[in-house]
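Secondary and tertiary structure notes
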Amino acid sequence: MRGALMRKGSVRATALLLAGGLALAGCASDEDGGGESNGGGGGGGGGGDELRIGLAYDTGGRGDRSFNDSAYAGVQAAIDELGGEVQEFSPNDGGSDRVEGLATLAEQGYDPVIAVGFAYGDSIGEVAEDFPDTTFAIIDSEVAELGIDNVTGIVFAEEQGSFLAGVAAALKSQTGQIGFVGGVESPLIQKFQAGYEAGARAARPDIVITSEYISPAGDFSGFNDPARGQILAQGMYDGGADIVYHAAGGSGTGVFQAAVASGKLAIGVDSDQYETVDDPAQQAVIMTSMLKRVDNGVQAFLTDFAEGSVEGGTDTRYDLESEGVDLSTTGGQIDDIQAQLDEFRQQIISGEITVPTTP
Amino acid sequence: MSPASPGGMGAVRRAGLALLGPVLALVVALVISGIVIAAIGEDPFTALQVITNLGETPAAQVQAIVVILNRAVPLFLAGLAVSVAFRMGLFNIGVEGQYRLATIMAAAAGAAVSLPAPLHVLFIIVVAMVVGALWAGIVAVLKVTRGVSEVISSIMLNFVALGLAGYLLTGPLRGSAEGDGIVTTSEIPESGRFPDLTGVLTGLGLAEPRSELFGFLVVAVVVGVIVSVVLARTRFGFDLRATGLSPSAATASGVDTRRMVISTMLLSGAVAGLIGLPDLLGADYEYGTEFTAGLGFLGIAVALLGRNSPLGIALAALLFAVLDRAAPLLQFEDIPASVVTIIQGTIVLAVVVANEIARRLARRSAEREGARATGAPPEGGGGSGPGTPPTPDVGPDGGHRIHTGVPGTPEGARP
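For every chain, the first residue of its written sequence is number 1, and the numbers climb from 1 along that sequence. To read the labels, note that chains go from A and ligands from 1, taken in the order they are written. At least 70 in pLDDT is required for a residue's local features to be given in this predicted model, at least 80 for side-chain atom pairs to be given and counted, and no such filter applies to totals for whole chains, interfaces and linings, which use all residues. Hydrogens are left out, water is left out, and the side-chain values use all remaining heavy atoms of the structure.

This part covers the confidence of the model for chain B. Residue and element names in this part refer to chain B. Per-residue confidence from the predictor is reported as pLDDT, a score between 0 and 100. Across chain B, the average pLDDT comes to 84, with 85% of residues at 70 or higher. The weakest mean pLDDT in chain B belongs to helix α16 (residues 410–413) at 38; the strongest belongs to helix α4 (residues 95–112) at 96. Note that pLDDT drops below 50 for residues 1–8; the model gives that stretch 8 contacts with residues more than four away or on any other chain. Here, two residues are considered to be in contact whenever any of their heavy atoms come within 4.5 Å of each other. Residue range residues 378–415 is modelled with pLDDT below 50. Its contacts to residues more than four positions away, or to other chains, number 87 contacts. Only DSSP runs of H or I reaching four residues or more are called helices, and only runs of E reaching two or more are called strands; each is numbered from the N terminus.

So, in structure tokens, the structure goes:
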């Protein structure tokens, strides 16, 4: 009797724990974005022709030390220069309120409205049509085909920067074996993988590359799961790889931890991660970072907007030539191979090398 | 709690006790959330005002209602799917995987065929229900043949379902062009889309909202009514509830619990299959990497909050939707959107705790009345959960109570 009661009780306890755990998980993952958005509102005095920028983040919100933060840095730089204020919006975990959040920003008079991340690619068209007088921009998604003239696409040649990361990894590898950890197996992250693999093979044809993803397409947990990032990277290091490149957003911390634990090296992504990690032990293993200058793209768009020169309906592409993507040199670990890197850089810019976008 | 409990407790009192749980929980949750908001230096009353204010203009108010209803419909279906299994003592955590897989299959099937309008929609709905049911059926088969706990297998199958959906989406069922940022299935043609209810709103003299009200609302209501009739008024529903309350007693009175596990999981999975359809047939017309996620897990919370009754689940879904709608708006008042998650979490926790308290109170008073009426210890072991009756009597079944209702499983063999 006792045992039977316990068992039934434990089902309830399981249900309770799971429900509570889910709720807590929800809190934890958007805490950074939500919590820090407090400081966002007080940017400017709200003058008549000052910028009133709406900034809609990708899942995870601000505080990811990577992609979203980079967009915010661009907005902040523009505000410092031009004056104005910013209103931030972070979607919920399931992404169900993305459309409504974007529309609410426009409805409340924020102009321009910047959507951070290709996740908005589906919804930006319909929202932009509902608010024809508002100027929209979207990062990582091409809009030229939509034929809506109040949306601008800001896209990056991630494969070109990743190519250089691959070159650096291949040249620096002692074991002849390197790895790639992708966050979510989506076309965007596959661009990173394709460029990285092509670069590594170009520099060293016999290189062995292991590429793995944390989560499959449609499951976005891979961008915010350091534990699984660590497991994948650890497996690669244990298997003989000595440099792992990650394109996994917030999961990258796990890759760095694995590198520290194994005494091997890692390559960061989006921001100069040597600067964004706090831990000196992790700084020591970050050989370089593939910079994707979302901040520059955002700032340039806002400057154009302030000058009234946003064309709309077009895509602006940032590549190696326009320094929209590059490798960071903080820490000095790739200083000795700069000459080779520059050679490949020139070949890509001149069009001698065409970097693939799919693996 | 059990319908077999001796009469004597007034209906009014019973209803009062039934309402006591949720109301108490709501108050406790609001107080806790208020303290949290105050602790981060914001005004709790501003938050409350943002959550309850539907908008200044009539158009904004109608839009707010549309947003709330559009969110509540999938949440209601998710809660319903979870609750059907719950009523039989089965914990279907696999709803998330069931609806994701059902939605992608329905989206692909819907885009692949061409049928006249009503048939096309019906076809998509049937595909979704069948896929959801089959996926949940795996859990049931594992349980009755191998004795695998449905909690474990349904969680595991979520990962398999997400992986499978990802494979299908990027592989055989891919409809979007190579290189597009968002991978989707092909778009469902006009004839396969569900007409929206915006006309009804404007017909009622309301302002025209920016978004369209999901026509699937009607389906959700019909499904809710059907499920509640099936549970309350049919032999199947009686067997299901009886097995949930006491599997051994149900078996003793001739219920085939193995068959019940399978049919209940099939029903739960079929309802789960519908969860993605409001979005699919009302807004997106394709399944893609950006398709709304997490509804299956939210369904567990909604079912707990709604105490497994279809009407309660409808109210719980509406409450969650009202809170979700406020998430973007709270950010505009510099209040973190996590406040919404905190409120939802505390409500669910508080409801579970309050339900338990209300249940103990109800049982104690029933026992008192029973004792007065018969002079003997009442209703041995009629309860469930940690609410151990004050009299440690042994039930008529000798304590062979299992929550699963499957005789012959290792669980059942244990004394």
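All names here are of chain A. Considering the arrangement of structural elements, one finds glycine 249 in the loop between β8 (243–247) and α8 (252–262). Along the sequence, glycine 249 and glutamine 108 sit 141 residues apart, while their C-alpha atoms lie 30 Å from each other. Those residues within four positions of glycine 249 in sequence are excluded, and the remaining contacts are Ser66 and Phe223.

Our focus in this paragraph is the sheet that holds strand β2 (residues 84–89) of chain A. All names here are of chain A. By the convention used here, strands pair only if DSSP detects at least 2 bridges between them. An order of β2-β1-β3-β4-β5-β11 is seen for the 6 strands of this open sheet, with the pairing classed as parallel. Whereas interior strands pair on both sides, the edge strands pair on one side only; in this sheet they are β2 and β11 (315–318). For this sheet, the mean inter-axis angle between neighbouring strands, taken without regard to orientation, is 20°. When strand β5 (residues 151–156) meets β11, the two strands line up parallel, connected through 4 bridges. Paired with isoleucine 154 across the two strands is threonine 316, which belongs to β11. Each axis is a line fitted through C-alpha atoms, and for a helix only the stretch in contact is used; angles between axes span 0 to 180 degrees, taken between their N-to-C directions. Packed on one face of the sheet, helix α3 (residues 98–107) meets β1 (51–56), β2, β3 (113–116) and β4 (136–139) and runs near 160° to β2.

Attention now goes to unusual backbone geometry. The omega torsion of the bond from aspartate 111 of chain A to proline 112 of chain A falls at 5°, within 30 degrees of zero and hence cis. Phi is positive for aspartate 140 of chain A, close to 75°, though the residue is something other than glycine. Topologically, aspartate 140 of chain A is positioned in the loop between β4 and β5. Relative accessibility decides the category of a residue: with a 1.4 Å probe and only protein chains considered, values under 20% of the type maximum give buried, values over 50% give exposed, and everything between is partly exposed. The exposure class of aspartate 140 of chain A is buried, given its relative accessible area of 8%. For aspartate 334 of chain B, which is not a glycine, the phi torsion comes out positive at approximately 65°. Here aspartate 334 of chain B is to be found in the loop between α14 (310–332) and α15 (338–374). Under the relative-accessibility criterion, aspartate 334 of chain B is labelled partly exposed at 23%.

Residue and element names in this part refer to chain A. Counting buried positions along β2 yields 6 of 6 residues, so the element is predominantly enclosed. Taking every second residue as pointing to the same face, both faces of β2 are buried, with Gly84, Val86 and Glu88 on one and Glu85, Gln87 and Phe89 on the other. The definition of a right-handed crossover adopted here requires that, viewed with the strands pointing away, the path from the first strand over the helix to the second runs clockwise. Regarding the hand of the β-α-β motif, the stretch spanning β1, helix α2 (residues 67–82) and β2 is right-handed.

Now for the nonpolar core. Judged by nonpolar contacts, the single largest core of 100 residues is most densely connected at Leu77, Phe216, Leu277 and Leu281 of chain B. Considering each element in turn, this core owes the most residues, 13 residues, to helix α3 (residues 58–87) of chain B. Excluding its chain neighbours within four sequence positions, the residues that come into contact with leucine 277 of chain B are Ala106, Ile124, Ile125, Ala128, Phe216 and Gly282 of chain B. Throughout, nonpolar core names a set of buried Ala, Val, Leu, Ile, Met, Phe, Trp, Tyr and Cys residues whose side chains join them through atoms within 4.5 Å. Counting 58 residues, the second-largest nonpolar core is a separate cluster that includes Leu51, Tyr57, Ile189 and Ile337 of chain A.

Turning our attention to the environment of leucine 157 of chain B. Residue and element names in this part refer to chain B. Looking at the secondary structure, you find leucine 157 in helix α6 (residues 150–170). Sequence separation of leucine 157 and arginine 233 is 76 residues, and the distance between their C-alpha atoms is 32 Å. When near neighbours in sequence (up to four residues on either side) are disregarded, leucine 157 contacts Trp135, Ile138 and Val139.

The next subject is the pairing of strand β6 (residues 177–184) of chain A. Residues and elements named next belong to chain A. By the criterion of burial, β6 is predominantly enclosed, with 7 of the 8 residues buried. Note: β6 against strand β7 (residues 208–215), 7 bridges, orientation parallel. The partner of valine 184 across the bridge, within β7, is serine 215. Remark: the β6/helix α6 (residues 187–203)/β7 crossover connection has right-handed handedness. Bridge analysis of β6 against β8 gives 5 bridges, and the strand direction is parallel. Paired with glycine 182 across the bridge in β8 is alanine 247.

This brings us to a negative patch on the surface. Patches were defined on residues exceeding 30% relative accessible area and lacking a salt bridge, with like-charge contacts within 9 Å and nonpolar side-chain contacts (Val, Leu, Ile, Met, Phe, Trp, Tyr) within 5 Å. Note on areas: these come from Shrake-Rupley sampling with a 1.4 Å probe, and a residue is covered only by the protein chains present in the view. The term salt bridge refers to a pairing of a side-chain nitrogen on Lys or Arg with a carboxyl oxygen on Asp or Glu at a separation within 4 Å. Charge counting follows a simple rule: Lys and Arg are positive, Asp and Glu are negative, and His as well as the terminal groups are ignored. Each charge is placed at NZ for Lys, CZ for Arg, CG for Asp and CD for Glu. Taken together, the side chains of Asp122, Glu126, Glu129 and Asp130 of chain A together with Asp196, Glu208, Glu212 and Asp284 of chain B make up a negatively charged region of the molecular surface. If you tally residues by element for the negative patch, the top one is helix α4 (residues 121–130) of chain A, at 4 residues.

Okay, α3 of chain B next. Given 3.6 residues to a turn, an α-helix orients residues that are three or four positions apart in the same direction. All names here are of chain B. In a helix, the anticipated span is given by 1.5 Å times the number of residues less one. With 30 residues, α3 extends 41 Å between its outermost C-alpha atoms, agreeing within 8% with the 44 Å of an ideal straight helix rising 1.5 Å per residue. The element α3 is largely enclosed, with a buried count of 23 among its 30 residues. Directly beyond the C-terminal end of α3, a positive phi value near 80° is found at glycine 89.

Right, let's talk about the pattern of salt bridges for a bit. It is possible for side chains bearing opposite charge to pair when their charged atoms get close. Under the criterion given, the structure shown has 21 salt bridges over all chains. Between glutamate 158 of chain A and lysine 292 of chain A there is a salt bridge, and its shortest N-O distance comes to 2.8 Å. Of this pair, glutamate 158 of chain A sits in helix α5 (residues 158–172) while lysine 292 of chain A sits in strand β10 (residues 286–292), and the two are 134 residues apart along the sequence. The exposure class assigned to lysine 292 of chain A is buried, which follows from its relative accessible area of 2%. The salt bridge partner of glutamate 187 of chain B is arginine 193 of chain B, with a shortest N-O separation of 3.1 Å. Judged by relative accessible area, glutamate 187 of chain B falls into the partly exposed class, the value being 47%.

All names here are of chain A. If you trace the backbone, serine 328 turns up in the loop between β12 (325–327) and α12 (338–350). Given the relative accessible area of 3%, serine 328 is considered buried. Polar contact is defined as a pair of N or O atoms within 3.5 Å, subject to the rule that within protein one atom must be able to donate a hydrogen and the other to accept it, and that residues adjacent in sequence are counted only when both atoms are side-chain atoms. Here aspartate 272 takes part through its side chain, which lies 3.5 Å from a polar atom of the side chain of serine 328. For serine 328, the residues in contact, after removing those within four places along its chain, are Asp272, Thr288, Ser289, Leu291 and Ile334.

Looking at where threonine 104 of chain A falls in the secondary structure, it is placed in helix α3. A polar contact is formed between the side chain of threonine 104 of chain A and the backbone oxygen of glutamate 100 of chain A, at a distance of 2.4 Å. In this structure threonine 104 of chain A touches Leu329 and Phe332 of chain B, once residues within four positions along its chain are discounted.

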